[in-house]
Amino acid sequence: MKHFLVYANRYKDKELLTARRICDFLKLKGQRVTVKSVDSEEKEEIPSDIPRDTDCMIVLGGDGTVLQAARETKMLHVPIIGVNLGTLGYMTEIEPANLEESLERLIAGDYLRESRMMLNGRVQFGDGSVREGWALNDIVISRSGSLQIIKFNIFVNGQFLNDYHADGMIVTTPTGSTGYNLSAGGPLVEPGAELIMLTPICPHSLNQRTIILAPEDIVEIEIPECREGKEQTVEVNFDGKLVVQVRTGDRIRVVRSEKVTEFIKLNQVSFLEVLHKKMRTSS
């Protein structure tokens, strides 16, 4: 590797102290370094200005910052490694105490690459227009405004699956299983697996649980009228960032994306070992 991009969350890396620490070390080793500081509160897709000759992106922050970086690099296939400046950090590989040692291994090529599947979501509005977004973790349909229950219909590969009355629905990847899906009672999945999960949020039925689908399946979520015949307004949220408002008559189509996110792995520990460590940290 010759060109590193340090992708720093300015709210996690106060005064860019960790970014400077990385830059100083890499430059001392003869590496080229570019720094980009980002705002973790950004709620829209922004044009990526990642240099095309970037060999590795070092992300400083928590899992949210990693997700933001993944969306920016989806067209460039730049491998990502995270430095945990957050709390649990399921998607971050490096702890600050081991920073220089980890950088030495990156320079030496002492690492593995791991590909993670992403989701592509297309919001098809009733007027024929389309809004598109990508997610490494999840695409969430949730209520907007007042505390109403959402009614929606789920189709898989064109076949009606079920209608739901719930606070929302999480369509998640294996990587996203440790995120909102976990909080909603969904299962934990090894992140290298390939599948799509549907986890309802607070369903108003005891028999509605997570449904696991093949990665090739096509999921469509239809927003019908409310029980009283009134129009519904809900939100479609891509990885907690891009938010699209939808209403009765609109449909959300979710499929496996052709794009993947590549992570750099320095430690050959199993997902279960990482999970055990993170759970002990959070208890």
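Everything below is about the structure printed above this text.
Cut-offs and rules
Residues numbered from 1 in each chain as written. Predicted model: local features only at pLDDT ≥ 70, side-chain atom pairs only at ≥ 80, totals over all residues. Heavy atoms only, no water. Buried < 20%, exposed > 50% of the residue type's maximum accessible area, 1.4 Å probe, protein only. Helix = DSSP H or I, 4+ residues; strand = E, 2+ residues; numbered from the N terminus. Arc of directions from axis to C-beta. Contact = heavy atoms within 4.5 Å. Phe/Tyr/Trp six-rings, centres within 6.5 Å; stacked < 30°, edge-to-face > 60°. Lys NZ or Arg CZ within 6 Å of the ring centre and 35° of its normal. Pairing = 2+ DSSP bridges. Axes fitted to C-alpha atoms, helices over the stretch in contact; angles between N-to-C directions. Salt bridge = Lys/Arg side-chain N within 4 Å of Asp/Glu carboxyl O. Core = buried A, V, L, I, M, F, W, Y, C linked by side-chain atoms within 4.5 Å. Polar contact = N/O pair within 3.5 Å; in protein donor to acceptor, adjacent residues only side chain to side chain. Parallel < 35°, antiparallel > 145°, perpendicular 65-115°, else oblique. Left-handed = near helix turned anticlockwise from the far one by under 90°.

(A) Expanded view of helix α3 (residues 99–108). Those residues of α3 that fall on the buried side of the exposure criterion are Leu99, Ser102, Leu103 and Leu106. Looking straight down α3, one finds its buried side chains confined to an arc of 100°; they lie on one side. Along α3, the residues that are exposed and aim more than 90 degrees away from the buried face are Glu101 and Ala108. On its buried face, α3 sits against β1 (3–9), α1 (17–28), β3 (56–61), β4 (80–84) and β16 (251–265). One or two residues past the end of α3 sits Gly109, with phi positive at roughly 80°.

(B) Fine view of the packing of aromatic side chains. Under the defined criterion, the tally for this structure stands at two aromatic pairs. Centre to centre, the rings of Phe155 and Phe160 are 5.5 Å apart; their planes meet at 65°, and the pair counts as edge-to-face. By relative accessible area, which is 16% here, Phe155 ends up buried. The ring of Phe263 is capped by Arg116, whose NZ or CZ atom sits 4.6 Å from the centre of that ring.

(C) Quick look at the sheet that holds strand β7 (residues 138–143). Read from one edge of the open sheet, six strands run β12-β11-β10-β7-β14-β15, paired in antiparallel fashion. Of all the strands in the sheet, the pair left with one neighbour each is β12 (211–213) and β15 (242–247). Strand-to-strand, the axes of this sheet are offset by a mean angle of 20°, without reference to chain direction. As defined by bridge partners, β7 adjoins strand β10 (residues 168–172) across five bridges and the pair is classed as antiparallel. The partner of Ile139 across the bridge, within β10, is Val171.

(D) Structural view of the pattern of salt bridges. A complete count under the given rule lists 16 salt bridges for this structure. Arg251 is the partner of Glu220 in a salt bridge, and the nearest nitrogen-oxygen pair spans 3.6 Å. Note that Glu220 is positioned in strand β13 (residues 219–222) and Arg251 in strand β16, a separation of 31 residues in sequence. Overall, Glu220 belongs to the buried group, its relative accessible area being 17%. The class for Arg251 is partly exposed, based on a relative accessible area of 23%.

(E) Summary view of the pairing of β10. β10 sits mainly inside the fold: five of its five residues count as buried. Judged from the five bridges that link them, β10 and strand β11 (residues 196–201) form a sheet pairing that is antiparallel. From the neighbouring strand, Ile170 faces β11, where its bridge partner is Thr199.

(F) Representation of the nonpolar core. If you look at the biggest cluster of nonpolar residues, it comprises 28 residues, and the most contacted ones within it are Phe152, Ile221, Val236 and Ile252. Counting residues in each nonpolar core, the second largest holds 21 residues, with Phe4, Phe25, Leu60 and Leu266 among its members.

(G) Structural view of the environment of Glu235. Secondary-structure assignment places Glu235 in strand β14 (residues 233–238). Sequence spacing of Glu235 and Arg143 is 92 residues, and the spatial spacing of their C-alpha atoms is 6.1 Å. Residues contacting Glu235, with those up to four places away along its chain left out, are Val140, Ile141, Ser142, Ser144, Val243, Val244 and Gln245. Here Gln245 takes part through its side chain, which lies 3.2 Å from a polar atom of the side chain of Glu235.

(H) Inspection of the packing of α1 against α3 at higher detail. Remark: α1 packs on α3, axes separated minimally by 11 Å, with the N-to-C direction vectors making an angle of 45°. By the angle between their directions, the pair α1 and α3 is classed as oblique. In the packing of α1 onto α3, the handedness of the crossing is right-handed. In this structure, α1 uses Thr18, Arg21, Ile22, Phe25 and Leu26 to contact α3, whose residues at the interface are Leu99, Glu100, Leu103, Glu104 and Ile107.

(I) The arrangement of helix α2 (residues 63–72) in detail. With eight of ten residues buried, α2 lies mostly within the body of the structure. When we look at burial in α2, the residues that qualify are Thr65, Val66, Leu67, Gln68, Ala69, Ala70, Arg71 and Glu72.

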